[in-house]
Amino acid sequence: QVQLVESGGGLVQAGGSLRVSCAASGRILSSYRMGWFRQAPGKEREFVADIGWSGGSTNYADSVKGRFAISRDIAKNTVDLQMNSLKPEDTAVYYCAARRFGTTTQDTIQYDYWGQGTQVTVSS
């Protein structure tokens, strides 16, 4: 069993930066893929980025490409999302997720574990 706990959300002005972090407890195997998703009020949860736990390959949603960067620290069992040039439309609850097997996917159903989420609010 894997538990995920997000931290680092908050309020930031448009154009600013914020870093959210996900701490994983339990054994993260080399086959895992770790992802960040977000959900704005009244909208469906959407893919933001993911990273392979062993190889570190990354994939990003088009809406965040070039602004966000996902990284992982194997020794600390953490996955971070660095968010730069933030826009009001980035406002959402950000969720960390883990997938036990498989390649990159934007499908929420494919993920096995989820954190509780952390609020990110970008003011205009």
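Residues numbered from 1 in each chain as written. Predicted model: local features only at pLDDT ≥ 70, side-chain atom pairs only at ≥ 80, totals over all residues. Heavy atoms only, no water.

### A word on the overall build of the protein
Inclusion rule: Working definition: helices are DSSP H or I runs of at least four residues, strands are E runs of at least two. Numbering for both runs from the N terminus. This radius of gyration counts C-alpha atoms alone. The globule rule is 2.2 Å times how many residues there are, raised to the power 0.38. Between buried and exposed lies partly exposed: a residue is buried under 20% and exposed over 50% of the maximum accessible area for its type, with that area taken using a 1.4 Å probe on protein chains only. A contact between two residues is defined here by any heavy atoms of the two lying within 4.5 Å. Every accessible area reported is derived by Shrake-Rupley at a probe size of 1.4 Å, with residue values counting cover from the shown protein chains alone.
What the protein contains, in helices and strands, is zero helices and 11 strands. Secondary structure of the protein in N-to-C order comes out as β-β-β-β-β-β-β-β-β-β-β. Computed over its C-alpha atoms, the radius of gyration of the protein comes to 13 Å, within 12% of the 14 Å expected for a compact globule of 124 residues. Dimensions along the principal axes, computed over C-alpha positions, put the protein at roughly 40 × 25 × 25 Å. Sorting the 124 residues of the protein into buried and exposed places 44% on the buried side. Here the analysis covers contacts within the protein between residues at least 6 apart in sequence; of these, 58% occur between residues at least 24 apart. As presented, the protein carries roughly 6300 Å² of accessible surface, and 46% of it is formed by carbon and sulfur atoms.

### Observations regarding the state of the cysteines
Our working rule: When the sulfur atoms of two cysteines come within 2.5 Å, that pair is taken as a disulfide.
Within the structure shown, the criterion is met by one disulfide. Through a disulfide, cysteine 22 is tied to cysteine 96; the S-S separation comes to 2.1 Å. The sign of the S-S torsion, about -75 degrees, decides the handedness of the disulfide formed by cysteine 22 and cysteine 96: left-handed. Of the two residues, cysteine 22 sits in strand β3 (residues 18-25) while cysteine 96 sits in strand β9 (residues 92-99), which places them 74 residues apart along the sequence.

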